[in-house]
Amino acid sequence: MFEIFSGLDAWVAISLVLALAFVLTFEFINGFHDTANAVATVIYTKAMPPHLAVIASGIFNFLGVVLGGIGVAYAIVHLLPVELLINVNTAHGLVMVFSLLTAAIAWNLGTWYFGIPASSSHTLIGSILGVGLANALLTQVSLADGVNWQKAIDIGLSLLLSPLAGFAVAALILIALRRAFADSKMHETPESRMEVKGKKKPPFWNRLVLIVSAMGVSFVHGSNDGQKGIGLIMLVLIGIVPAKFVLDLNSTTYQIERTRDAAIHLQQFYERNHDSLSEYLALGKNGTTEMPKQFRCDAKLTEPTIAALLQTLDGVTDYNQMDQEKRTQVRRYLLCLDDTAKKVGKLDGLAKREKADLDKLRKDLTATTEYAPLWVIFAVALALGIGTMVGWKRVVLTVGEKIGKQGMTYAQGMSAQITASIAIGLANVYSLPVSTTHVLSSGVAGTMVANKSGLQFATVRNILMAWVLTLPATILLSAGLFWLGVKLFV
């Protein structure tokens, strides 16, 4: 880890430390902000003592980050347009990272202070979109190209639909439990069980399900939200110390060979589909295989880009053999080819089998650019896990008592947690960031409606307002900070 500071100017090294500290602070805040939702039901129903619950949740968050992969991490990174990712330099990288993290941290702390279950995912995504849009305005790029809108739409749909699904599925699970176990003790609230029977804890099997599902929510939260921190740290490292991180310097000869083969097979794929792609990619119309002096990421330069990549990788068995400029060029070529291939995959006229082949080629192309060192994963896991263990009380009270007009029953807690763990787990499979906060809160609301308990509309209104305002507020805040930073420091 510490070798990344070798050879850096003092101000760059200090900036790097501060940037990494900002990312880990965001993840720490994310831990006590979002994970309060994961333990809210298990604490409120007295299935676990509060301090034991948050410690266990912290451990499962840690494991979720370590074992969760990096698919969501790069889904977040690729919200930024490919042009910004390939042309980022130290100054721009610092301004970009500090702008989006300052906006995200400020909003997260504000909503936490007022006990509002707001979404760290919304917060981070809004901050990234703000930087992309501000960069477009400053560089006189069309706003249509200032953000990867297709990725933004995909993520936006997942953030929109997951709470709706959480509401409906949790309600259906509760209805099924009421019909199957109408006379069960699971439909008692902790207060009624204490008053009538003098027992503080849920029945054994209900308690077991509550604990297991709560730890499941913690695990999938770690694997989803923790990856966002991993993606941010990789943005920091690529922006500030590109010599060491634009490509995975630990890539094996086999992995480099796979990258080279993917480029060759991509070229063959385009030739095979010449009739449907020739106009979009200008196949055979460039008259040359040389790249222009000023590098551009353009679909019509696909053939020269492939040729340049193959020429640069010719004979390379170790990325450490290449100088920084060549490694940067390789990353640019790979990101542009991947971006173009993604767009090609959405065109009409390609068979489903061909689109599936293209997706496989894209994975091989980006295998050595989409990575994360082990120390990055463990640092984020620790920050999220430790953050989980503090600051949980405000949001637990909101989820447990202030969403519905009556207290939450054991069955409601089980329904909401099972729904959240399944929904977030599925999102991880498809590399989509979702909001633990909104999935769980909407699940609790769904069970309140299904239980005919009624909703406290003041709380629901506050949650909905946070949901609606988070994106525009963080977009404006991060865009303003980025604009100011570029004007002052770049």
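This report concerns the structure included in the present document. Not measured: the values here are computed from a predicted model.

Reading the values: rules and limits
- The written sequence of each chain sets the order in which its residues are numbered from 1.
- Whole-chain, interface and lining totals are the exception, using all residues; otherwise, since this is a predicted model, local features are given only for residues with pLDDT of at least 70 and side-chain atom pairs are given and counted only at 80 or more.
- Water and hydrogen atoms play no part in the side-chain values, which are based on all heavy atoms of the structure.
- Strands here are runs of E lasting at least two residues and helices are runs of H or I lasting at least four, both read from the DSSP assignment and numbered beginning at the N terminus.
- Each residue gets one of three labels from its accessible area relative to the maximum for its type: buried under 20%, exposed over 50%, partly exposed in between, using a 1.4 Å probe on protein chains only.
- For this analysis, residues touch if any pair of their heavy atoms sits within 4.5 Å.
- The Shrake-Rupley method, run with a 1.4 Å probe sphere, supplies the accessible areas, and residue values consider only the shown protein chains as cover.
- Grouping buried Ala, Val, Leu, Ile, Met, Phe, Trp, Tyr and Cys residues that are joined through side-chain atoms within 4.5 Å yields what is termed a nonpolar core.
- These domain boundaries are the output of an automatic or database domain assignment.
- Two N or O atoms form a polar contact when they lie within 3.5 Å of each other; inside protein one atom must be a possible hydrogen donor and the other a possible acceptor, and for residues adjacent in sequence the pair counts only when both atoms belong to side chains.
- Between rings of Phe, Tyr and Trp, where Trp is taken as its six-membered ring, a pair exists when centres lie within 6.5 Å; planes separated by under 30 degrees are stacked, by over 60 edge-to-face, and by other angles tilted.
- Only a pair of cysteine sulfur atoms within 2.5 Å qualifies as a disulfide here.
- For helices, the fitted axis covers only the stretch in contact; all axes are lines through C-alpha atoms, and the angles between them, taken along N-to-C directions, range from 0 to 180 degrees.
- Angle categories are assigned with fixed cut-offs, so that under 35 degrees is roughly parallel, over 145 is roughly antiparallel, 65 to 115 is roughly perpendicular, and the rest are oblique.
- Crossings are assigned a handedness: left-handed for a near helix turned anticlockwise from the far helix by less than a right angle, right-handed for a clockwise turn.
- Charged residues are taken to be Asp, Glu, Lys and Arg, nonpolar residues to be Ala, Val, Leu, Ile, Met, Phe, Trp, Tyr, Cys and Pro, and polar residues to be all remaining types, Gly included.
- Take the residue count of a helix, subtract one, and multiply by 1.5 Å to get its expected span.
- The arc refers to the directions leading from the helix axis to the C-beta atoms.
- Salt bridge, as used here: a side-chain nitrogen of Lys or Arg that lies within 4 Å of a carboxyl oxygen of Asp or Glu.

Counting secondary structure elements, the protein contains 21 helices and 0 strands. Considering the protein as a whole, with its 490 residues, one finds that 54% of them fall into the buried category. Sequence-distant contacts, at least 24 apart, represent 83% of the contacts inside the protein between residues at least 6 apart. Counting every atom, the protein has about 21000 Å² of accessible surface; 63% of that belongs to carbon and sulfur.

Nonpolar side chains tend to gather and get buried jointly when the protein is soluble and globular. In this structure, Met96, Leu237, Leu266 and Tyr270 are the most contacted members of the largest nonpolar core, which totals 94 residues. When residues of this core are assigned to domains, at least three fall in each of domain 1 (8-244 + 372-489) and domain 2 (253-366). Apart from residues lying up to four places away in sequence, leucine 237 is in contact with Ile4, Leu16, Leu20, Pro242, Phe245, Trp375 and Val376.

With that out of the way, let us pick up the side chain of glutamate 354. Assignment of secondary structure puts glutamate 354 in helix α16 (residues 352-365). At a separation of 3.2 Å, a polar atom in the side chain of glutamate 354 contacts the side chain of arginine 272. For glutamate 354, the residues in contact, after removing those within four places along its chain, are Phe269, Arg272 and Asn273.

This model, assessed by the stated rule, comprises 4 aromatic pairs. Centre to centre, the rings of phenylalanine 22 and phenylalanine 98 are 5.0 Å apart; their planes meet at 90°, and the pair counts as edge-to-face. With phenylalanine 22 in helix α1 (residues 10-44) and phenylalanine 98 in helix α5 (residues 90-113), this residue pair connects regions lying 76 residues apart in the sequence.

Applying the stated rule across the entire model yields 1 disulfide. Residue pairing for cysteine 297: its cysteine sulfur links by disulfide to cysteine 336, the two sulfurs lying 2.3 Å apart. One end of the pair, cysteine 297, is in the loop between α13 (274-281) and α14 (302-313); the other, cysteine 336, is in helix α15 (residues 324-344), and 39 residues separate them in sequence. Across this residue pair, the class does not change: cysteine 297 and cysteine 336 are buried.

When two helices pack together, their arrangement is captured by the angle between the axes and the distance separating the axes. Between helix α12 (residues 253-272) and α16, the least distance of the axes is 8 Å, while the angle of their chain directions is 150°. Put simply, α12 runs roughly antiparallel to α16. The chirality of how α12 crosses α16 is left-handed. Of α16, the residues touching α12 (which contributes Arg258, Thr259, Ala262, Ala263, His265, Leu266, Phe269 and Arg272) are Glu354, Asp357, Leu358, Leu361, Asp364 and Leu365. Per-class residue counts for the contact of α12 with α16 are 7 nonpolar, 2 polar and 5 charged.

The terminal C-alpha atoms of helix α2 (residues 50-67), which comprises 18 residues, lie 26 Å apart, in line with the 26 Å expected from a rise of 1.5 Å per residue. Of all the residues in α2, the buried ones are Ala53, Val54, Ala56, Ser57, Gly58, Asn61, Gly64 and Val65. Glycine 69 sits one or two residues past α2 and shows a positive phi near 85°.

Another point: α16. End to end, α16 covers 20 Å across 14 residues, agreeing with the expected 20 Å (1.5 Å per residue, within 8%). Residues of α16 that are buried include every one of Glu354, Leu358, Leu361 and Leu365, and no others. Projected onto a plane normal to the axis of α16, the buried residues spread over an arc of 60° and lie on a single side. Projecting away from the buried face of α16 at angles above 90 degrees are the exposed residues Lys352, Arg353, Lys360 and Lys363.

What follows covers the pattern of salt bridges. Tallied over the full model, the rule gives 7 salt bridges. For glutamate 354, the salt bridge goes to arginine 272, with nearest N and O atoms at 3.2 Å. Taken together, the positions of glutamate 354 in helix α16 and arginine 272 in helix α12 put the pair 82 residues apart, joining distant regions of the chain. Given the relative accessible area of 14%, glutamate 354 is considered buried. Overlapping salt bridges bring together Asp339, Lys342 and Lys343 as one network.

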